[in-house]
Structure formats: C-alpha cells, structure tokens
Amino acid sequence: MRDNIDLHLAKRLFHRRRELNLTQRQLGQLCGVTFQQVQKYECGANRISASMIWRLADALEVPVHYFYDGLEKPHLNGADVAETAPGEAKTSSLSLGGKTATSS
C-alpha cells in the first residue's frame, strides 16, 4: 500500500520536473538513474530514498523541504499531534548532568 507522504513527494517531483521542462530521461541523467526509475518515482510505484531526494532537489534547483511542503501533520495512532501556535517556536529540552540544552 502506498503511503500518502510518498504520493505527495511523487506529485511534487512530477510538477517540478514539468515546470523546468525536463524530460524523465534528462532528470534521470542528472541524478544517475534511468528514465524508468524517474517514472516509477513520479507515479509512486517506488519510494524515493533520502539520498535520491537530495540528488533530485539539487537537479531540480529546489531545497529538500520543497518535496514536503504542503503536507499535513501526520497523526500518531489516530490521536491528534499537539500543534504549535503560529509564530511560536518549537523547542525541545535535553538534560545532561544538571545542565539543560534547548533546541528550536
């Protein structure tokens, strides 16, 4: 079964390739794969690895996060994931030997 995230990445790949007027063959050559592999990525038949997303982003002149833009926050086990208010930074804390490190 295909995952919605995988299908979203496939759609974003297809649309960006078309925006740049690249053929599947041209994109494949830029990324070191066959046009058939690009075709499988675009229709969601094959999952795109992290390293391939990096190569595709470079070839398509977009940041890696381009492929994930527009995704809804996933739900964990059917429970809503806590949302961060707009403009509010997400932070996490880690306590090590009495010192606390915070990241955002």
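Structure shown above.
Below you will find a few notes about this structure. Worth saying up front: this structure is predicted, and the values here are computed from it rather than measured. (Residues numbered from 1 in each chain as written. Predicted model: local features only at pLDDT ≥ 70, side-chain atom pairs only at ≥ 80, totals over all residues. Heavy atoms only, no water.)

Observations regarding the overall build of the protein
Per the secondary structure count, the protein includes four helices and two strands. When the helices and strands of the protein are read in sequence order from the N terminus, they spell out α-α-α-α-β-β. For the protein, with 104 residues in total, the buried portion stands at 24%. A fraction of 47% describes how many contacts in the protein between residues 6 or more apart in sequence connect residues 24 or more apart. Taken as a whole, the protein presents about 7700 Å² of accessible surface, with 52% of it coming from carbon and sulfur. (Helix = DSSP H or I, 4+ residues; strand = E, 2+ residues; numbered from the N terminus. Buried < 20%, exposed > 50% of the residue type's maximum accessible area, 1.4 Å probe, protein only. Contact = heavy atoms within 4.5 Å. Areas by Shrake-Rupley, 256 points an atom, 1.4 Å probe, with all protein chains shown as cover.)

Remarks on the nonpolar core
Leu13, Leu27, Ile48, Leu56, Leu60 and Phe67 are the most contacted members of the largest nonpolar core, which totals 17 residues. Residue contributions to this core peak at five residues, all from helix 4 (residues 50-59). Discounting residues that sit within four places of it in the chain, phenylalanine 67 has contacts with His8, Leu9, Arg12, Leu13, Ile53, Leu56, Ala57, Leu60 and Val62. (Core = buried A, V, L, I, M, F, W, Y, C linked by side-chain atoms within 4.5 Å.)

Quick word on helix 4
Along helix 4, the residues classified as buried are Met52, Ile53, Leu56, Ala57 and Ala59. Relative to the axis of helix 4, the buried residues are bounded by an arc of 165° and lie together on one face. Facing away from the buried side of helix 4, by more than 90 degrees, are the exposed residues Ala50, Trp54 and Asp58. Packed against the buried residues of helix 4 are helix 1 (4-19), helix 2 (24-31) and helix 3 (35-43). Looking one or two residues past helix 4, glutamate 61 carries a phi angle of roughly 55°, positive in sign. (Arc of directions from axis to C-beta.)

Overview of unusual backbone geometry
Unlike most non-glycine residues, asparagine 21 shows phi in positive territory, near 55°. With respect to the helices, strands and loops of the structure, asparagine 21 is situated in the loop between helix 1 and helix 2. By relative accessible area, which is 67% here, asparagine 21 ends up exposed. In this model, glutamate 61 sits at a positive phi of 55°, which is unusual for a non-glycine residue.

Honestly, it's all geometry; don't read function into it.
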